[in-house]
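# Working through the structure, step by step
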Amino acid sequence: MERKRTEVAMHNMAYHDSLTGLPNRILLNDRLEMALAKAKRSKKQIAVLFIDFDGFKKINDSLGHDIGDKLLQAVGARLKSCLREEDTVARLGGDEFVLILPEIPTREATGILADKLLETIRPPFTFGGHEVKITLSIGISLFPENGDTSKTLLKRADEALYLAKNSGRDCFKYLN
């Protein structure tokens, strides 16, 4: 019984972010590979959203890492609340999150969800008497339009993220 608990704990540590409990980079890559294989067979579209907080360093520097950690956890929970069961939200590290949206019906549906994510994050968070406001920048890549490998889709979503950052933040951008 104890051995089984240890195995479960080790598996969880290997595939999940220790702070948020969300999938980590390893599990994200595995889920993206599986989603791609399924999408290629079924000729369905996948969206990959690369998300970065706007001004997170300032929050960490002014309020401390404890508040920053609580904010990461709370944002992860808010993001997850917007998704379908088959979608994945993962934390890559720092304030970087990636979402995989398998079988997304249209490009426009991805934009609607991205708007919903931005709106969901805008209300302030409160931690120990501190009200914290944060916005997100989101970069979106689509399979098959922007690539057909997980590495390419992640890279292209990251490039689109920088378009969002350079467009004033608190927005999403597609990679055209």
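Use the structure listed above.
In this report, we go over the structure that sits alongside the text. Note that the structure is predicted; figures quoted are calculated from it, not measured. (Residues numbered from 1 in each chain as written. Predicted model: local features only at pLDDT ≥ 70, side-chain atom pairs only at ≥ 80, totals over all residues. Heavy atoms only, no water.)

## Points about the layout of surface pockets
By volume, the largest pocket amounts to about 220 Å³. Forming the walls of the largest pocket are 15 residues, and the residues nearest its centre are Arg31, Met34, Ala35, Glu86 and Pro102. Residue composition of the lining of the largest pocket, grouped by class: six nonpolar, two polar and seven charged. (1 Å grid on protein atoms, 1.4 Å probe; cavity = no way out; pocket = protein on both sides within 12 Å on 5 of 7 lines; lining within 4 Å. Points joined across faces, edges and corners; volume = space filled by probe spheres on them. Nonpolar A, V, L, I, M, F, W, Y, C, P; charged D, E, K, R; others polar.)

## Some thoughts on the pattern of salt bridges
Across all of its chains, the model carries 14 salt bridges by this definition. One salt bridge in this structure joins Lys70 and Asp66, with 3.4 Å as the shortest N-O distance. Within this pair, Lys70 and its partner Asp66 are both found in helix 4 (residues 65-81), separated by four residues, close to a single helical turn. Taking the shortest distance from any N to any O, the salt bridge between Arg122 and Glu119 comes out at 2.1 Å. The exposure class assigned to Arg122 is partly exposed, which follows from its relative accessible area of 29%. Look at the salt bridges and you will find they share partners, linking Asp52, Asp54, Lys165 and Arg169 into a network. (Salt bridge = Lys/Arg side-chain N within 4 Å of Asp/Glu carboxyl O. Helix = DSSP H or I, 4+ residues; strand = E, 2+ residues; numbered from the N terminus. Buried < 20%, exposed > 50% of the residue type's maximum accessible area, 1.4 Å probe, protein only.)

## Here we look at the pairing of strand 1 (residues 46-54)
Counted residue by residue, strand 1 has nine buried out of nine residues, so it is predominantly covered. Note: strand 1 against strand 6 (residues 135-143), nine bridges, orientation antiparallel. Within strand 6, the residue paired with Ile51 across the bridge is Ile138. Two elements, strand 1 and strand 3 (residues 96-101), share six bridges in a ladder whose sense is antiparallel. (Pairing = 2+ DSSP bridges.)

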